[in-house]
Every structure is written in structure tokens, then in C-alpha cells.
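Chain residues, written in single-letter form:
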Amino acid sequence: MVLPLIYWLSSFQAVSSYYAKFMTLVFFLLAALFISGLYFAESKLSRKTIEYALMLSSYLVVIFGILNLFGQMYYRDALWLAHDGYRLASVFQYSNTYASFLVALFLVSLYYAVHCIRPSARLIHAAMLVPIWISFMFTYSRGAIVVIPVMVLILLPFLRFTKQIAYLIFMVLSVVVSMAILGKLTTNADAIAALVQPTESKAQSPISLFSSLPLQSWGLLLLGMVITAGLILLYHTKANVFLEARLTKLSAFKWSFTVVPVVAIVLAAVAAGSLLGSSAIRGLLPEKIATRFENINLQQHSVLERLTFYKDGLHVAEDYPLLGGGGGAWQAMYEQYQNNPYWSRQAHSFFVQVLVETGWVGLIALIVLLAFVYSLYIRSFIRYPELRGSHFIFFILSLSLLIHSAIDFDMSYLFISALVFISLGCMLAPYSNKLLIKRLNGKTKHPWQKVAYPAVVALLSLSLLFVAIRENIGVQRYEKAYTLALEQQTPLDQLLPALEKAIKISPTHSTFLMTKADWLEQAYKQTSDSNYLVEAISTVKQGRDSDPYNRGLLLAQYRLLQQKGQFEDSLAIIDEGVSKFPWDIKLYEAAVTSYAKANQTALSEQKGDKAKEYAQRVTDLSNEVKRRIEQLASLPPEQQQGRSFAITPTMQEAIAQTELAAAQ
């Protein structure tokens, strides 16, 4: 409960009031899921129910992705179009997060394939290994590839010696079978994407399962699933008993659990060296995948860009050290602190994002929580071997997702963060009786002490539920008003009351206020009624009071003040914009042209001092743009600059006019 409390405290100094409230609600939800997992998973039946629900939903996500890959369904960005072609993203619409999810699911499915006693359960989990790995390959995610060997080395010491062997054998088997069919599936998937995916000239057009390309692809996939599942079942019936008997003495050796991890490290090093150093081996892989493997290094653009994000996040923390800038602080403020004009509303690291939003207090609280939970679990796992079981999958799932979330924004997906916090609670639940604090156990003197905590949590839950429902009603009313405007061309005097209801419910929601200001501005342009303009300016100011870093509101305020003739005030606003968004060349263009125009006006009114002041500001802005252009030239050649940043023709003309006027 400390984490949502810190988010609530940080909301008092938030740079975006609405998103601070939103993230407070999110972390209260995550805390509730953790507590629910902690208590509901105490009994084996409820824990198994959670496991089955988790695996069923996860397998459905995989199947949904493959249906999009093979063309039977179309979901926007389930195949995400990158610079080098389509990357599979399924429901996440972002391939790297999907890859992280698939890594965790692959490792969990391997665990079940090794440990399940019932043949039917083994069959299901073993069969799903191939579609999971195939899906993972189609994400083309380099960061997730690096996570796999790290996670395998972490997990193996927790398994018995013979189970370690089975785990690695099943992994190698499923990967080899998958890679054997991957080349043909890649060719088919590219051809299917050309038929199904929308372009500028055609809409999306899913194709039948019985078309030649999908039918062939599904056939290959099912063949791989059958081969893998059959060999794994054969291993359980034949090889497993043989290995258990032959390796009994070695299993009893104190350090036997380290043998397989050491062998795995050696094999992984050999495989990586062969893959990166042998063109013949790389030639066995599809070209796009081979290229992605070749580019795994610390100098690739994605690594350099992420390091830049993290450095910029630390710069934010210097100004907001204790409690951060509140929920949504990164997306609001990153442009003011960024080193170059990249475009990223996410910090690409869960931990950096928490640092920016809640400061060092929040980040330390998060790290302490995670360290406490994992240390308790590992200690209990070692001390109480009789309580070990399939709850280990929660350890695999949560740790895999958290490791990858250190280098990407997986936890920004509520589905992923929910899985992590449910898993953290379910990990500890089986050991609940062993984790009692003896000196406090049985110390309750009054009946009310037993119900105090549940009562407080229930009351808090109801309060937060009320807030969430209320906010949702506000969104629904806004959507209703927007639909009336867009589809039915409803008059403004009928639209504004509907929109006002949404604003009354959520007065800090920037989109609601921005829409109202836009409608009022349109009304002013059509009628020239200054009352509309005055109300539009007031609405924008209301929005900026709670969301001062909102670029749309800032530009609207600048534009409206100019229309009202308050040029000095508008210059102050555009200067604020340049300060908060120092890599937005359009703001520099607006500022330069505005000051150049002000210079011309001052000269015509024979205000020499003012004219010099405005001319100097044009020069300063021009010099700042040139300085930043030189700064961009110093970026490593592998790092992408981001958005365009150069002096525009409009700026050149305004600068030239100002210099000419000064010379005269």
C-alpha cells in the first residue's frame, strides 16, 4: 500500500493533475491485485484456478496473434509496421512488449511440460511451445532474446538435476523444430501481409483459412506442434525413468544443481559465437532474423537511444528528487530535458519511469518491495522443500517481465503490470503459514482489531471504485458530445451543455477542455462574437493550470491571445513553449516570426528600444537553434537524431527581415 500512497503524495506537486490521479488509481489497483493474490492463492484449488486462467488467457493471446499473422483476422497493429517490415505484436500493438510476454510464457510452458504429471496437461503445454517460439521470432525483438539466457540461468538452480536436463532438452527441441519451419513460414507471412494489411490504396482484407498460403502455414505449424509434443511425451515415458535411475548418485551430490547451468553457459557461448561468427549458420535463418541477430551489440541505435532516455530521466529527477513529478510526468516533461529531438511518451524503463513520477522515495520503495518479496520467496523455497510446486511459475512470470521492463515500457500495459503484481502475491501465498511474525501472532486483544485492516481496505476500495466510475462516466459523456458534433452536426449551444457535464465531472482532463476551447474558437471565427473568444481563453487557462506542459493547450493559448490582440502576453506564452519544448522547431519558427513581426510594429511606431529588444530576441533564438544543430552533429553515428531540427525557410525570411531593418 506504500506505492499507491507515494503516488497520491506525488500528485500534490504533479505536472499533470489528471494523469497523476489516473496513475494513483492504477497503483491502488496493483496493490489490490497483490493483496488478492497473497490471500486467494493460499489454498491449492484457488491457486490452480488462477494458474489455469492465466495460462488459458495467455495461450489465447498467442493464437490471436497467429490468426493475424496468417491472415484470418485483422486487428490494427497486431502486425506492427516497422522500417524493415511487419513485426508481430498481437493484442499489445507493440512487438517488444509482446516479445517480453512470450519469453515469460515460453519459460512457464517449459516448466509445465517438464513437471506436469497428467499426460493431457503435458501434451497441451508441450504443443504450445512451437507457436510461442514462432510468434517470438516474428516479433524480431533483440532485447527479449538477451533476456532468455539470463532467465534460464536464474531458473535452473531451482530445479532438480534431472528436471534441469529435461528443461534444457525440451527448450532445444522446441527451438530446433520451430526454426526448421520458420523459413517457409516467414516467406508465407510476408506474402499474406501483402494481401491482408491495409495500404493507402486498399482496406484490410482477411483471407480464408483454406486459402493456399494460410493452409500451408497452419499445416506446418501443426506439424511442428505434433512433433514437439510427441517427442516430449516420449521422453517422459522412456528417457525420464532411465535418467532418474542412472543419475541418482550424481543428483545427491551437493553442488549437482550447478552442473547443468555451467554446461548451459558453455553451450550458449558456443551457439552465440557460431551464430555471430559463421555466415553459413546465419544463412540457415531467414534474412530478417539473421540481420537482427547480427545487430545485437551495445552500439546499435536502440541501445544508445535508451541510454539517452535514462540519462534524461535522471536529469528530471534532479529537479524533482523526492516525490517526482506525479503520474504522467515523463510524457509531460521529457521534451524539456531531452538531449536530442526523439519522440517517446514512454521512458522505456519501468524503473526510470517510476523515478520520474515518484522521485527517489518511490523508486526505493519499489525496489525494497521487490527485493523483500523475492528474498522471502527464495528463502522459503529453500527452507520448505515440501511446499514447492507449480507456484514457481509465478516466480518465472513476474521475474521475466520485470527484467525486460527494465529496458522497455512493458509495465505501462495494465495487463502486464497486473500479471506481475498478481504473480508477486501468488508467489508468497503457499508459504503464508511460514511467514507469520511470531511475536505478533495471536496478540490481538480486541475483536475489532481483527476486522480493522479488512474494513479499511474495503472502505478504500469502495472510494476508489467510486472515483473510477465517476471518471469513466465523464469520458462517456465527452464521447457522446463529440459524436454529436462529428456525426450529427449539432449546434454549439446544444453541444456545450453536454461537454460541460464531462468537464464538471473531470475538470482537470485536458482533452475535454481542449475540445471546448477549439469549439469556442471556431464559433468566434464564424460569428466574430468576442464572448466566445474570452470564454475560449478562460477555458485554455483552466486547462493549463492543471496541465502546464500540454503543448496543445499552450499553442491554443498563444493563438487565442494573438487573435484578441494581446501580443505581449502571446510572446510570453511562446517563450514558455520554447523553454518547455526546446527541440520543437515549429515553436522556434512561431517565436521568431512573432518577434520579427513585433520588431516591425515597434519600428513603425518609432519605439526604438522595444524594436532593439525584439530584434535581439530574434538573434538569440536563431543562435540557440544553431547551437542545438551543432549539438546534434556530435551524436554517435549509430544513434538516430529523431525529429527534424533545422532552420526553416520561414525562419530564414523573418531573420533576414529583422537584420535588414536593424541595418537601416
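Residues numbered from 1 in each chain as written. Predicted model: local features only at pLDDT ≥ 70, side-chain atom pairs only at ≥ 80, totals over all residues. Heavy atoms only, no water.

Chemist: What is the right way to read the pairing of strand β2 (residues 85-88) from this model?
Modeler: The side chains of a regular strand alternate between the sheet's two faces. Two strands pair when backbone bridges link them, and strand β1 (residues 79-82) and β2 are joined in this way by 4 bridges, in the antiparallel orientation. Pairing of Trp 80 across the sheet is with Arg 87, part of β2. Where β1 folds back onto β2 in an antiparallel hairpin, the turn is made up of 2 residues. (Pairing = 2+ DSSP bridges. Helix = DSSP H or I, 4+ residues; strand = E, 2+ residues; numbered from the N terminus.)

Chemist: Quick question: what am I supposed to make of the state of the cysteines here?
Modeler: One way to say it: the disulfide is the covalent bond shared by the sulfur atoms of two cysteines. For the coordinates displayed, the defined rule picks out 0 disulfides. Just so you know, Cys 116 is unpaired, no disulfide at all, and the nearest cysteine sulfur is the one on Cys 426, 17 Å from it. By relative accessible area, Cys 116 is classed as buried at 13%. (Disulfide = S-S within 2.5 Å. Buried < 20%, exposed > 50% of the residue type's maximum accessible area, 1.4 Å probe, protein only.)

Chemist: I'm lost on the confidence of the model for the chain in this one. Help?
Modeler: Low pLDDT marks stretches whose predicted atomic positions should not be read closely. In this model, the chain carries an average pLDDT of 90, and 92% of its residues clear a pLDDT of 70 or more. Per-element confidence in the chain ranges from a low mean pLDDT of 60 for helix α11 (residues 279-282) to a high of 97 for helix α16 (residues 392-405). (pLDDT = per-residue confidence, 0-100.)

Chemist: What is the right way to read the packing of aromatic side chains from this model?
Modeler: Aromatic rings in a pair are described by how distant their centres are and how their planes are angled relative to each other. Enumeration over the complete set of coordinates arrives at 40 aromatic pairs. Centre to centre, the rings of Phe 92 and Tyr 98 are 5.9 Å apart; their planes meet at 35°, and the pair counts as tilted. Assessed through its relative accessible area of 4%, Phe 92 is described here as buried. Summarising the aromatic geometry, the rings of Phe 170 and Tyr 235 are spaced 5.1 Å apart at their centres and angled 85° between planes, so their arrangement reads as edge-to-face. With Phe 170 in helix α7 (residues 161-196) and Tyr 235 in helix α8 (residues 212-246), this residue pair connects regions lying 65 residues apart in the sequence. Look at Tyr 235 and you get buried, because its relative accessible area is 9%. A network of ring pairs unites the aromatic residues Tyr 111, Tyr 112, Phe 158, Tyr 374, Tyr 377, Phe 381, Tyr 384, Phe 392, Phe 395 and Tyr 431 as a single cluster. (Phe/Tyr/Trp six-rings, centres within 6.5 Å; stacked < 30°, edge-to-face > 60°.)

Chemist: Just to check I follow, could you spell out the side chain of Ser 174 for this structure?
Modeler: Inspection of the secondary structure puts Ser 174 in helix α7. At 2.9 Å, the side chain of Ser 174 forms a polar contact with the backbone oxygen of Phe 170. (Polar contact = N/O pair within 3.5 Å; in protein donor to acceptor, adjacent residues only side chain to side chain.)

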